Amino acid sequence: MRTREGGRIVDEAVVIARVRAGEPEAYAQLVRAHTGIALRAAAALGAGADAEDVVQQAFVKAYCSLGRFKDGSAFKPWLLAIVANETRNTVRTAARQRTLAGREAAFVEAEPLIPESADPAVAALEIERRAALRAALEKLSEEHRLVVTYRYLLEMDESETAQALGWPRGTVKSRLNRALRKLGRLLPEIQPREGGDEHE
């Protein structure tokens, strides 16, 4: 698997082989290439202000587990599964439930800014839609929230989502389909105009 780090392409398999061969400094290439998506995942999954700590701990755990990393697999979904576990552990250890407002702040930090040049009415509508989406996501079960987060907020494809969640691809498809239907009921004004269910 190749990944972009800065302007360069990183061959993950080569880097992992170098780390396993006793070149731990090579791991920094993977860290640089995946820190952004790991931070977005931690924030979207509820880490809030602890997102950086969660990601740092996830990279340490991933490094320590490289011996168990399956050759030929993609590093990103494997890492994001560790980020998700670390986020859950951090939230549990903190022994407090993240409030909707805290999650909203994390999502806002993880989302691209609306350009200042945007029409104020369009920008206001976009902010309103994001708030409605965040509120609707909060109402989904954890598995549905996870599958929507990985597929759409983190822009992972179906096989990466399956690998990150440890689910078969068919389970990803069916849970995503159910989650999108529930979101559609919670957000009727955002439903596609064409109508009908997704069928793949």
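A short tour of the structure in this document, coming up. Just so it is clear, the model here is predicted, and its values are computed rather than measured. Numbering of residues starts from 1 in every chain and runs along the sequence as written. The predicted origin of the model limits local features to residues at a pLDDT of at least 70 and limits the giving and counting of side-chain atom pairs to 80 or more, whereas totals for whole chains, interfaces and linings rest on all residues. The side-chain numbers reported here are obtained from all heavy atoms of the structure, hydrogens and water having been left aside.

Let us now look at the nonpolar core. Most often, soluble globular proteins keep nonpolar side chains buried together rather than apart. Phe-75, Leu-80, Val-83 and Tyr-150 are the most contacted members of the largest nonpolar core, which has 46 residues in total. Ranked by the residues each element gives to this core, the list is headed by helix α4 (residues 75-93), at seven residues. Should any heavy atoms of two residues lie within 4.5 Å, those residues are considered in contact. Aside from chain neighbours lying at most four places away, what touches Leu-80 is Ile-37, Ala-38, Ala-41, Tyr-150, Leu-154 and Met-156. Within this scheme, the nonpolar core is defined by two criteria: the residues are buried Ala, Val, Leu, Ile, Met, Phe, Trp, Tyr or Cys, and they are joined through side-chain atoms within 4.5 Å. Only protein chains enter the calculation, and the probe is 1.4 Å; a residue is then buried if its accessible area is under 20% of its type maximum, exposed if over 50%, and partly exposed in between. Labels follow the DSSP assignment, with helices taken as runs of H or I lasting at least four residues and strands as runs of E lasting at least two, numbered in each case from the N terminus.

Axis angles are defined between N-to-C directions and span 0 to 180 degrees, where every axis is a line fitted to C-alpha atoms and, for a helix, only to the segment in contact. Relative orientation of the contacting elements helix α7 (residues 142-153) and helix α8 (residues 158-165) amounts to 135 degrees, with a least axis distance of 9 Å. In terms of axis orientation, α7 runs oblique to α8. For the crossing formed where α7 meets α8, the hand is right-handed. On α8, the residues that touch Leu-146, Val-147, Tyr-150 and Arg-151 of α7 are Glu-158, Thr-161, Ala-164 and Leu-165. Roughly parallel here means an angle under 35 degrees, roughly antiparallel means over 145, roughly perpendicular means 65 to 115, and every remaining angle is called oblique. The crossing is said to be left-handed when, going from far helix to near helix, the turn is anticlockwise and less than a right angle, and right-handed when the turn is clockwise.

To continue, consider the pattern of salt bridges. The term salt bridge refers to a side-chain nitrogen of Lys or Arg lying within 4 Å of a carboxyl oxygen of Asp or Glu. Within this structure, the stated rule accounts for seven salt bridges. Glu-160 is the partner of Lys-76 in a salt bridge, and the nearest nitrogen-oxygen pair spans 3.7 Å. Pair noted here: Lys-76 is in helix α4 and Glu-160 is in helix α8, with a separation of 84 residues, a long-range link. Like Glu-160, Lys-76 is buried.

The next thing to look at is the environment of Val-60. The residue Val-60 is located in helix α3 (residues 51-64) in this model. On the accessibility criterion, Val-60 (42% relative accessible area) is partly exposed. Spatially, the C-alpha atoms of Val-60 and Val-31 are 9.9 Å apart, while their sequence positions differ by 29 residues.

A residue counts toward a patch only above 30% relative accessible area and without a salt bridge, and it is joined to like-charged neighbours within 9 Å or, for Val, Leu, Ile, Met, Phe, Trp and Tyr, to nonpolar neighbours within 5 Å. The protein chains shown are the only cover counted for residues, whose accessible areas, like all others here, come from Shrake-Rupley with a 1.4 Å probe. Residues scored as charged are limited to Lys and Arg (positive) and Asp and Glu (negative), so that His and the chain ends carry no count. Where a charge lies is defined by one atom per residue type: Lys uses NZ, Arg uses CZ, Asp uses CG and Glu uses CD. Positive charge collects at one region of the surface, where Arg-178, Arg-181, Lys-182 and Arg-185 lie side by side. With respect to the element layout, Arg-178 can be found in helix α9 (residues 169-186).

Since its relative accessible area comes to 16%, Glu-160 is described here as buried. Among all residues touching Glu-160, those that are not within four sequence positions of it are Lys-76 and Pro-77.

The next point concerns the packing of aromatic side chains. Under the pairing criterion, centres of Phe, Tyr and Trp rings, with the six-membered ring standing for Trp, must be within 6.5 Å; the plane angle then separates stacked pairs below 30 degrees from edge-to-face pairs above 60, leaving the rest tilted. Counted according to the given criterion, the structure contains five aromatic pairs. Taking 4.9 Å as the distance between ring centres and 70 degrees as the angle between the ring planes, the aromatic pair formed by Phe-69 and Trp-78 counts as edge-to-face. Of the two residues, Phe-69 and Trp-78, both sit in the buried class. A cation sits over an aromatic face here: Arg-151 above Tyr-152, 5.7 Å from the ring centre. Criterion for a charge above a ring: Arg CZ or Lys NZ at most 6 Å from the ring centre, at most 35 degrees from the ring normal.

What follows concerns the side chain of His-144. Positionally, His-144 belongs in helix α7. By relative accessible area, which is 3% here, His-144 ends up buried. Ignoring sequence-local partners within four residues, the contact set of His-144 consists of Arg-175, Arg-178, Ala-179 and Lys-182.

This part covers helix α1 (residues 12-20). Buried within α1 are the following residues: Glu-12, Val-15, Ile-16 and Val-19. Taken around the axis of α1, the buried residues stretch over an arc of 95 degrees, which confines them to a single face. Within two residues after α1, Gly-22 carries a phi angle of roughly 100 degrees, on the positive side. Note that the arc is computed from the directions linking the helix axis to the C-beta atoms.

Another aspect to go through is the packing of α7 against α9. Here α7 crosses α9 at 100 degrees, and the two axes come no closer than 9 Å. In terms of orientation, α7 lies roughly perpendicular with respect to α9. Facing Glu-143, His-144, Val-147, Val-148, Arg-151 and Tyr-152 of α7, the residues of α9 in contact are Val-172, Arg-175, Leu-176, Arg-178, Ala-179, Leu-180, Lys-182 and Leu-183. Here the term charged refers only to Asp, Glu, Lys and Arg, the term nonpolar to Ala, Val, Leu, Ile, Met, Phe, Trp, Tyr, Cys and Pro, and the term polar to all other amino acids, Gly among them. Residues belonging to the contact of α7 with α9 are distributed by class as follows: eight nonpolar, one polar and five charged.

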